[in-house]
Amino acid sequence: MSGATVPVEVIYTASVRVSGGRGGRAESLTGTLQVDLTRPAQRGPQAPGTDPEELFAAGYAACFDSALAVAARLEGVRTGPTSVTASVSLGPTDDGRYAIAVTLVVSAPDCPQDQLDLAVAAADRLCPYSNALRGNTTVTIQADGRR
């Protein structure tokens, strides 16, 4: 892969086996993750399981919140308690393919807005999910700090 960013050292690898696609089952090879998958079009209050976009949103939100803690420390920003909500949208493109778009809402009500903006920008540069998506997927980040 030309131009791809490659880790110089692998510190962790997660492996998940899926059978049945979007309507199947996902199981981590460690056995700690075992979920039924549901197609987004079939989602509703009674539908069991989750969908790949929800799993991606959970992973991205967790990763970004952790990156934010590291970035805040590096930038000397005291954020106080933080939370990240990731919304992953799926839809068709003009050329008949499918794509996702992501919105991250970063909340740190005790942190001054200008300081949170600084930490969020640094977290976006650190977060592996952000780096994987940059240039490929629209990611919108909203930072909500103390105004």
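Residues numbered from 1 in each chain as written. Predicted model: local features only at pLDDT ≥ 70, side-chain atom pairs only at ≥ 80, totals over all residues. Heavy atoms only, no water.

**Some remarks on the overall build of the chain**
Stage number 1. Within the chain, the regular secondary structure consists of three helices and six strands.
Stage number 2. For the chain, the C-alpha atoms occupy an extent of roughly 45 × 40 × 40 Å along the three principal directions.
Stage number 3. Counting the 147 residues in the chain, one finds 27% classified as buried.
Stage number 4. Considering only residue pairs separated by 6 or more positions, the chain has 52% of its internal contacts joining residues 24 or more positions apart.
Stage number 5. As presented, the chain carries roughly 9,600 Å² of accessible surface, and 53% of it is formed by carbon and sulfur atoms.
Stage number 6. The averaged location of the 15 negative side-chain charges in the chain is 2 Å from the averaged location of its 12 positive side-chain charges. (Helix = DSSP H or I, 4+ residues; strand = E, 2+ residues; numbered from the N terminus. Buried < 20%, exposed > 50% of the residue type's maximum accessible area, 1.4 Å probe, protein only. Contact = heavy atoms within 4.5 Å. Areas by Shrake-Rupley, 256 points an atom, 1.4 Å probe, with all protein chains shown as cover. Lys, Arg positive; Asp, Glu negative; His and termini not counted. Charge placed at Lys NZ, Arg CZ, Asp CG, Glu CD.)

**With respect to helix α1 (residues 52-75)**
Stage number 1. The end-to-end C-alpha distance of α1 is 34 Å, a good match for the 34 Å that 24 residues give at a rise of 1.5 Å each.
Stage number 2. Glu 53, Ala 57, Tyr 60, Ala 61, Cys 63, Phe 64, Ala 67, Leu 68, Ala 71 and Ala 72 are the residues of α1 that are buried.
Stage number 3. Where α1 is buried, its residues touch β4 (83-92), β5 (98-112), α2 (113-126), α3 (128-133) and β6 (138-146).
Stage number 4. Residue Asp 51 occupies the N-cap position of α1, its side-chain oxygen lying 3.1 Å from the main-chain nitrogen of Glu 53.
Stage number 5. Two residues or fewer after α1 comes Gly 76, characterised by a positive phi angle close to 70°. (Expected span 1.5 Å × (residues − 1). Polar contact = N/O pair within 3.5 Å; in protein donor to acceptor, adjacent residues only side chain to side chain.)

**Focus on the domain arrangement of the chain**
Stage number 1. Domain boundaries assigned for the chain yield domain 1 (1-50) and domain 2 (52-145).
Stage number 2. When each unit is reduced to the centre of its C-alpha atoms, the spacing between domain 1 and domain 2 is 20 Å.
Stage number 3. Taken together, the contacts link six residues of domain 1 with five residues of domain 2.
Stage number 4. A buried area of about 500 Å², summed over both sides, lies between domain 1 and domain 2, and 57% of it is on carbon and sulfur atoms.
Stage number 5. At the junction of domain 1 and domain 2, the tally comes to one salt bridge.
Stage number 6. Our count for the domain 1 to domain 2 interface comes out at two residue pairs in polar contact (both at pLDDT 80 or more).
Stage number 7. Taken together, the residues of the side of domain 1 that touches domain 2 sort by class into three nonpolar, one polar and two charged. (Domains from an automatic or database assignment. Buried area = accessible area lost by both parts, 1.4 Å probe. Salt bridge = Lys/Arg side-chain N within 4 Å of Asp/Glu carboxyl O. Nonpolar A, V, L, I, M, F, W, Y, C, P; charged D, E, K, R; others polar.)

**What about the pattern of salt bridges?**
Stage number 1. The full count for this structure, using the stated rule, is five salt bridges.
Stage number 2. A salt bridge links Asp 36 to Arg 25; its shortest N-O distance comes to 3.0 Å. Of this pair, Asp 36 sits in strand β3 (residues 34-36) while Arg 25 is found in strand β2 (residues 25-28), placing the two residues 11 residues apart along the sequence.
Stage number 3. One continuous salt-bridge network, built from bridges that share partners, spans Arg 25, Glu 27 and Asp 36.

**Looking at the sheet that holds β5**
Stage number 1. Strand order in this open sheet of three strands is β4-β5-β6, and the pairing throughout is mixed. Looking at the sheet topology across the chains shown, the edges are occupied by β4 and β6. With strand direction ignored, the average angle separating the axes of adjacent strands in the sheet is 15°.
Stage number 2. Bridge count between β5 and β6: eight bridges; the pairing is parallel. The residue of β6 that forms the bridge with Leu 104 is Ile 141.
Stage number 3. α1 rests against β4, β5 and β6 of the sheet, and its axis sits at about 145° to β4.
Stage number 4. Strands β5 and β6 of the sheet are contacted by α2, whose axis makes an angle of about 150° with β6. (Pairing = 2+ DSSP bridges. Axes fitted to C-alpha atoms, helices over the stretch in contact; angles between N-to-C directions.)

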